[in-house]
Each structure stands twice: as structure tokens, then as C-alpha cells.
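Breakdown of the fold
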Amino acid sequence: MASWNNDTILVWPGTYYENINFLGKDLVLASLFMTTGDRQYIYNTIIDGNKNGCVITLQNQETMASVICGFTIQNGKKDFSSANWDKYGCGIMLFQSDVIINNNIIQYNEAYAGGGLNSLNGIAKLYGNIIKENHSYFSGGGIFYGNDEIPIFLDTIDLNSIYLNYAHRGCDITVRSTGQPQILEIDTLTVINPDVYFVFSSDGYYNPVNDLTVNIRNQKIEPVAADLFVSPYGDNNNSGIDPQNPLQSICFAMSRIQPDSLQQRTIHILPGIYSPLSTSERLPIGGRSNIRLSGNNMATTIVDCQYNGYFYSGWDLKYVEIENLTILHGFGALLSPTGIDQGGVEFQLTKNVNISQMIIDSSLNAWCPGIYCIFPDSVEISNYQCLNSIGVQSNFFIRSMDDYPMHVRMENVKAHGNMYYDDGTGLYGGYKNIVIAGGNENDDTVTGRLINIEITDNISWDTWYSNNCGAGWATSERVKLDIVNATIGGNRDSTNLPGTNSTVQGSQINIYNSIFYNNNSPDIYIYNDDVVNNPAEINFHYTLFENGPAGIMDGAGNTIVNWGAGILDEDPQWDTYGTNPYSLMSTSPCINTGTPMYDEGMEPPYIKHENGKYILYTHNLDTIHLPATDLAGNPRIAYGRIDMGAYEFVDTTIGIKSPPKYIANGIKAIPNPFQQSTAIELTLLKEGHCQVLIHDMQGRLVKTLLDAFTQPGHFQMRWHADDDEGRKIPSGHYIVNIMFEEQNVGSAKVRKW
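Fair warning: this is a prediction, and the values are worked out from it, not measured in the lab. (Residues numbered from 1 in each chain as written. Predicted model: local features only at pLDDT ≥ 70, side-chain atom pairs only at ≥ 80, totals over all residues. Heavy atoms only, no water.)

**Here's the deal with the overall build of the chain**
For the chain, the count of helices and strands is three helices and 63 strands. Principal axes of the C-alpha set define a box for the chain whose edges measure 110 × 60 × 40 Å. Relative to its full complement of 753 residues, the chain shows a buried share of 60%. Contacts in the chain between residues far apart in sequence, at least 24 positions, make up 73% of those at least 6 positions apart. Carbon and sulfur atoms make up 47% of the accessible area of the chain, which amounts to about 28,400 Å² in all. Looking at charge distribution, the chain has the averaged site of its 43 positive side-chain charges lying 5 Å from that of its 79 negative ones. (Helix = DSSP H or I, 4+ residues; strand = E, 2+ residues; numbered from the N terminus. Buried < 20%, exposed > 50% of the residue type's maximum accessible area, 1.4 Å probe, protein only. Contact = heavy atoms within 4.5 Å. Areas by Shrake-Rupley, 256 points an atom, 1.4 Å probe, with all protein chains shown as cover. Lys, Arg positive; Asp, Glu negative; His and termini not counted. Charge placed at Lys NZ, Arg CZ, Asp CG, Glu CD.)

**Thoughts on the sheet that holds strand β11 (residues 105-107)**
One open sheet holds the eight strands; their spatial order is β2-β5-β8-β11-β15-β19-β21-β23, and the pairing between them is parallel. Whereas interior strands pair on both sides, the edge strands pair on one side only; in this sheet they are β2 (14-17) and β23 (212-219). Direction aside, the axes of adjacent strands within the sheet are offset by 20° on average. Pairing of strand β5 (residues 45-48) with strand β8 (residues 72-74) involves three bridges; the strand directions are parallel. In the sheet register, Ile-46 faces β8, and the bridge partner there is Thr-72. (Pairing = 2+ DSSP bridges. Axes fitted to C-alpha atoms, helices over the stretch in contact; angles between N-to-C directions.)

**A look at the pairing of strand β31 (residues 318-328)**
In terms of residue burial, β31 counts as a mostly covered element, since eight of its 11 residues are buried. Taken together, the three bridges between strand β28 (residues 291-295) and β31 define a ladder with parallel strand orientation. By the bridge assignment, Ser-294 is partnered in β31 with Glu-323. Looking at chain direction, strand β29 (residues 301-304) and β31 are connected through three bridges and run parallel. For Ile-302, the partnering residue across the bridge sits in β31 and is Thr-326. Of the strand pairs in this sheet, β31 and strand β33 (residues 351-361) are connected by nine bridges, and their pairing is parallel. The partner of Lys-318 across the bridge, within β33, is Lys-351.

**Overview of the pairing of strand β35 (residues 378-387)**
Most of β35 is tucked away, with seven of its 10 residues classed as buried. As paired strands, β35 and strand β38 (residues 406-416) are joined by nine bridges and run parallel to one another. By the bridge assignment, Ser-378 is partnered in β38 with His-407.

**Some points on the nonpolar core**
Membership of the largest hydrophobic core comes to 120 residues, with the highest contact counts inside it found for Ile-56, Phe-311, Tyr-312, Tyr-384, Met-410, Trp-473 and Ile-524. Core analysis: the second largest hydrophobic core is formed by 24 residues, Cys-690, Leu-706, Val-736 and Ala-748 among them. (Core = buried A, V, L, I, M, F, W, Y, C linked by side-chain atoms within 4.5 Å.)

**What to know about the environment of Val-11**
The topology assignment puts Val-11 in strand β1 (residues 8-11). By relative accessible area, which is 14% here, Val-11 ends up buried. Here the alpha-carbon distance between Val-11 and Asn-395, two residues 384 residues apart in the chain, equals 52 Å.

**Some remarks on a nonpolar patch on the surface**
Where nonpolar side chains cluster on the molecular surface, the patch consists of Leu-10, Trp-12 and Met-34 and spans about 300 Å² of accessible area. Positionally, Leu-10 belongs in strand β1. (Patch = residues over 30% accessible without salt bridge, like charges linked within 9 Å, V, L, I, M, F, W, Y side chains within 5 Å. Salt bridge = Lys/Arg side-chain N within 4 Å of Asp/Glu carboxyl O.)

**Re the packing of aromatic side chains**
According to the stated counting rule, one finds 22 aromatic pairs in the structure shown. Each ring, one from Tyr-112 and one from Tyr-137, has its centre 5.9 Å from the other, and the planes form 35°; the classification is tilted. Taken together, the residues span a long stretch of sequence, with Tyr-112 in the loop between β12 (110-111) and β13 (117-120) and Tyr-137 in the loop between β16 (135-136) and β17 (143-146) at a distance of 25 residues. Each member of the pair Tyr-112 and Tyr-137 is classed as buried. Among the aromatic residues, ring-to-ring pairing joins Tyr-112, Tyr-137, Phe-138, Phe-200, Tyr-206, Tyr-310 and Trp-315 into one connected group. In this arrangement the basic side chain of Arg-169 is found over the ring face of Tyr-206, its NZ or CZ atom lying 4.5 Å from the centre. Note that Lys-608 overlies the ring of Tyr-617, its terminal NZ or CZ placed 5.4 Å from the centroid. (Phe/Tyr/Trp six-rings, centres within 6.5 Å; stacked < 30°, edge-to-face > 60°. Lys NZ or Arg CZ within 6 Å of the ring centre and 35° of its normal.)

**A word on unusual backbone geometry**
Here the bond from Pro-604 into Pro-605 is cis, since omega is 10°, no more than 30 degrees from zero. The residue Pro-605 is located in the loop between β53 (560-563) and β54 (606-610) in this model. For the bond from Asn-672 to Pro-673, the omega torsion is 5°, close enough to zero to count as cis. With respect to the secondary-structure elements, Pro-673 resides in the loop between β57 (663-670) and β58 (678-684). A positive phi is found at Asp-457, a non-glycine position, where the angle reads about 55°. Structurally, the position occupied by Asp-457 is in the loop between β41 (446-456) and β42 (459-460). By relative accessible area, which is 32% here, Asp-457 ends up partly exposed. For Glu-742, which is not glycine, the phi dihedral falls at a positive 65°.

**Description of the side chain of Asp-630**
Looking at the element boundaries, Asp-630 is found in the loop between β56 (623-625) and β57. Of the side chains with opposite charge, Arg-636 comes closest to the buried, unpaired Asp-630, at an N-O distance of 5.3 Å. Separated by 2.9 Å, the side chain of Asp-630 and the backbone nitrogen of Gly-633 make a polar contact. In this structure the side chain of Asp-630 is engaged in a polar contact, spanning 2.7 Å, whose partner is the backbone nitrogen of Glu-648. Here Asp-630 is in contact with Asn-412, Asn-452, Pro-635, Arg-636, Ala-646, Tyr-647 and Glu-648, once residues within four sequence places are set aside. (Polar contact = N/O pair within 3.5 Å; in protein donor to acceptor, adjacent residues only side chain to side chain.)

**Some points on the sheet that holds strand β3 (residues 20-21)**
Spatially, β3-β6-β9-β13-β17-β20-β22 is the arrangement adopted by the seven strands of the open sheet, whose pairing is parallel. Either end of the sheet is taken by a strand with one partner, and the two such strands are β3 and β22 (199-202). Summarising the sheet, strand β6 (residues 56-58) and strand β9 (residues 92-95) pair through three bridges and their orientation is parallel. The residue of β9 that forms the bridge with Leu-58 is Leu-94.

**Description of the environment of Gly-53**
Mapped onto the elements of the fold, Gly-53 is located in the loop between β5 and β6. Looking at Gly-53, the relative accessible area reads 14%, which means it is buried. Non-local contacts of Gly-53, meaning those with residues more than four positions away in its chain, are made with Asn-19, Gly-76, Lys-77 and Cys-90.

**Notes on the confidence of the model for the chain**
Per-residue confidence for the chain averages 89 on the pLDDT scale, and 92% of its residues sit at or above 70. Confidence over residues 655-660 falls short of pLDDT 50; this stretch has seven contacts with residues more than four positions distant or in other chains. (pLDDT = per-residue confidence, 0-100.)

**Here we look at the pattern of salt bridges**
Scanning the entire structure with this criterion turns up 17 salt bridges. The residue Arg-409 makes a salt bridge to Glu-411 at a minimum N-O spacing of 2.7 Å. Across this residue pair, the class does not change: Arg-409 and Glu-411 are buried. Asp-622 is the partner of Lys-480 in a salt bridge, and the nearest nitrogen-oxygen pair spans 3.8 Å. Of this pair, Lys-480 sits in strand β44 (residues 479-489) while Asp-622 sits in the loop between β55 (613-617) and β56, and the two are 142 residues apart along the sequence. Look at Asp-622 and you get partly exposed, because its relative accessible area is 27%.

Okay, structure coming up:
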């Protein structure tokens, strides 16, 4: 800028594609509005950053003699990979500098923080400005004011308007608390009664501080105290209150909806593709308490982040649900090389998180490509997949606060084909797929349950050579984790280090009905902890664990490992060419060899069918409610006894149907597996013609145990492992079919050793 200190630069109307730096000079930069008072000059004198950095920058201790007056300031966009403060502020950026900002329109700017205006340890005095439709990736979409000594100055006579800006918190205004109450006088804000989603005051650690009073004369939009609907074919000028008049943008619906602390409201996301380009989504979408995001279903409702950030960020919220969505192409390396961010969804200090029916696919170069939860109290994740993504930390990172209990339940979850992030420095590498961690000084136990979990074909890179960064699961100290019907296979570390899965002293891991096979071996690594000296404990029950005791590396030296009943060490015989490559073939040893159904006098673990649900009674007399289906949607128990792994074997050659109400409490075969004979038990609820038939796996009839007209009641018959000719049958799997009035009303699979 060819000027001298204390010069005044008057700018004639026009559009100037420039990025201006005051370079330490105190300048008055103004349109002809300053000399005429004609507001048309504000609209007609445009400084356009052309998406090539900050529009106006003051960073060399300029003083309050500097003035910016009478412009439209637009289309600044920061390079988020810039170091430190340089990624902040994009309309106007102050760094340790002061300025008077007078009667400007600041719009369409995008930065990491402070899309319209950012002041870091500077002083800004604002008179009569309109700051609108700016976007911040972090906080302060309109204004981010980071001076904890001198409060922001918004004139009380020539009022400012700040509206329709976006960030994940403090969309319109974010200020750093000075420790004293502040009063802001504003002409127009997005809404007249803003919560922290719109106006946010924080301490130096980004914790909320309730010290702002905001007096607002007008609001730009009328909040809606009802559910809202959005569609890619909608319009943000619509009412949004029904599917016939939907809004277009999810982010606008989040600003429009009125949360209610007493009831949950829903943003219904109708079928279609939502993205920054097609529906003007401003990512990440900031969450609000008691607001559910609900798509139509995963196949038809898609959010494509277009590698322009991650989908959702929720801080200090309560009762949040996201369901029925597919999230594509999240991108965490916007800040690289100075840092990386998430790739999917993020929750911090949020209570009651519930995610269901969601796919996150092809997140790229993220800290956590999937779900990142810091300091929640409970997390429920069901019917979720994280696929083909690249990241550092894990696909599921869930950590409790110190001295704060936490419960996590994950069921029907798949992590497949994910790998480590390599930026060329060797700094990042890759970590676990599932991490459940307690606080560093947490005396309250963190409890977790992983049920119907597949972790397969993931690649890690343990750049710390710590033996605890493999591609499976990990827990910290003070975590009690139950793993039920997990399939963990085909996972690799690029440097071939052991420890696909890991835990630490002070934890307890209980494993039921699971398969660990074809991973980097040893499969589980236990490392020591300088604070917690009590040993880790791992309990195996009815599980296929490759290499048995040799599959565990005890780096702590005092781990307690208990091997319960039903432990296998052999090829699980996955159906590698089927629809689900980690489902079981008909010859698999894992079929009908999981935890047995309860029989009188049996010691736990066992499974009971109670009130229409299957309940696992654990070895320590705890209870775990099992999902109705496996990971593929088949019945979780198809043939009278649960299988090992995430997938239940269902033989499609016989056409087994879900049994109608002809049989009470299923079909029992005791013992199962058997050698010489087994007792088949069932209770019929109706009278009629009943047949009990045994078929082989090719559907051929082997034995008829019953063929008669029966009355309701309990029936028991013994099969001596023979066919109708009295010949002994070979070892293998067989199907017991119950035919009632020529209908197949129930089946159970048995195995002869």
C-alpha cells in the first residue's frame, strides 16, 4: 500500500479484488460515504478478497487512529493450514492491533474463527456495521473477539447488526470473557433471544461464561417451536413446518428451530444429497440441545462434506440424536500442517449422545474419521458403519472426564477398510478403531459394551512403537468392557507390530461369543500404567481366539487371564466370497458354539429368552440384553443357540422362516454339540398335525422323530445320531425343523462331533 502513516485514502465506487494489509501504518481507509453520508457508497464500493485470504489485515500494532469506513467487505477465505493466528479472521483480521470499523457491510467471508471480524489481543470499536452471512469453521461466524482484558466495543447509538452467520458455537458473536459483565447493544441479531449457539462468551479454555447481556431490537428470523423439514429441493424462505414446504439447508434449519428443554424437537432431513455446494451447508453444523437430526434412511439421505470439513460439532449439549444418514468425504486436514480436525461427528461435554443408522464413508486425513466424544456421560451407538476412511486417533474415540462415570453401548457396528494418516512427517500414523478411555484420575469406573461388532481389514501404523496402537480396540485404565459377538479379523500394522487390540492395568475385559483371527499377533497387548498398579483382568467365554494364550502379550506382567468354557483355536471359516465376507460358512466351527441357552441348574454364563428378548447372564451374574438381529439383520439366535462372531449363520437352502406363535420358548437341543445323542425339546401351543424332521445342510431329510396329530403341551424326544434306516450319521451340522399343519414353524441347528 503506497501510503504514509496517518494518510487518508478515499476510494471511489467500484469492485476492487484485493487483499489489503495496513503494514503497521495508521490509515483512514474510506469510501465516499465518509465525506457525503450517502449509504449507496457502502453498497457500491466493494473490496472483494476473491477467496484468496483475508480482505483487510492489521497485524503490526496499528493504533486506534486506524479507520475502515463505508465499504462492502466480502469473499475473504483463509488458508486454514496457516500457522497460529493467521488462519483466523477473514473479512477483517486484527492481531495485536486496534481499529475503528464504521458503517461497513461485512459478508460472505470464511475463516477458522471470526469469519467476518477477528480480533486477537486487539481492540475493535464498531459503529453501524452489518456483519452477515459469514462462516467460521470453529467459532464466531460473525465476530470472534479474543481480548480478555479490554471488552469489545459496540456503539450504543449507531447500532450494529450481526445476523445469519454460521459456526458450531457463537454463530453471530464469540467473545473472550474479561471477568466482568458485558452489555452488548445490537440493532438486529439472527434471533431476539439468543442462546450460546448464537452468542457465546468463553474463558481461555473455551468453557462457557455467563457474563453477557445482549439487548437486541430486531431479529432476522422468527424461531419455530416445532419440528422442521429440509429437502435439497426446498427453499430457506419456506416455513419448513411440513414436508410440502421444506427448508433447503440443514444448517439454516438448526438456526431456525427453537429448542425446548422439556421436549426433543426434530429436523427431518428428507431424501437427497446435501453439501456445501448444492444446499449451502456451512460445516461443521453446530448442534443444539434437545435437537434430533433424522434422515429418511441411510441409503437415500446423504450429506457430502466435499472435503470441506466435518459434518457435526456439539459442545456442552444435552440429549442429542443423529440417525438415518450417510456422511461422505469429511476432511480433517484443513489445518494441516499445524494440526488436523475430525472427519465425521464430534461431541464435547455433551450428555446423552445417541447415534443410530449411520454410515461414515471416505473421511480423509482426520484426527478421528468417525465419532469423537470427549467427556460425555452416556453414548449409545447402534447400526453404524465407518468405512474406507483415513485418520489418526480412532474411528470411535470416547473418553470420560476425571472423576466422572461414563457408560458406552455400541451394537451392530462395523469398522472396515480404514487406515492410518500419513502426512509424510511420520508424526501421526494411525491408531485404534475403537477407543474407550477413562479420565487420567478417574475413580469412577467407565463401563462399555460392544455387541455385534465387526472390526476388519483395517491398517494401522504405530509410529510410537508402543504395541498399543493396532487397528482393533483399546481401553484405558479403570474401564470395564464387555465384548459380545465381535468379529475382529484381517487387521494389520504396517510395521507388523503386535497388539491389534490393547488394554492397560486396572481394566477388566469380558469377552463372549467372539472371533479373533488373522490379525497381527499377539492379538491383545496389555501395557503397564504408572498410576494404576492393580492388574488388568481378561475373561474369555465361548470365543475363538487364535493362538490361545500365546495370542496375549502381557507387557504389564501381572495380568489375570481366565479361560472359560467353549474356547476354540481354529479357522473360523469365514464366507470370504459372500455378501458379508466375515459371515460364517456352513462348515464353520463357530456355528451354535456360543453361550448356551439356559437349562435348569446351569451355572453362568448362559442366555435366557425372557419377555420376548434374549438376555446374556454373564459369568459374574451381570445381565446384557442382546439385539434382536445380528450385523446383517438376521435373527441373532437362528437355530436354538447363538453363534460366535457378529454374524449368525442362516441356511438359505432350507428357507427357514421366523416362527409364528406355535412354539413357546424356542427349540432346545441338549446337549449341543453332542456325540452319541441329544434331547430335542419343544412346547406346542396349539393342537394339530406336527412333524419333527432332521435335515442335513443340503436340505435332505435324514430322520423323522415325530409325525403325529398332537395336543398342546411339552414334548421331549431323543435323537441317537442316526438316520431313518438306523445308520449312524457323520459328524457335522444338522437342522431340526418343526412342521405344523405343513408349515415350517421353527428350526434349530445342532452339531454332531
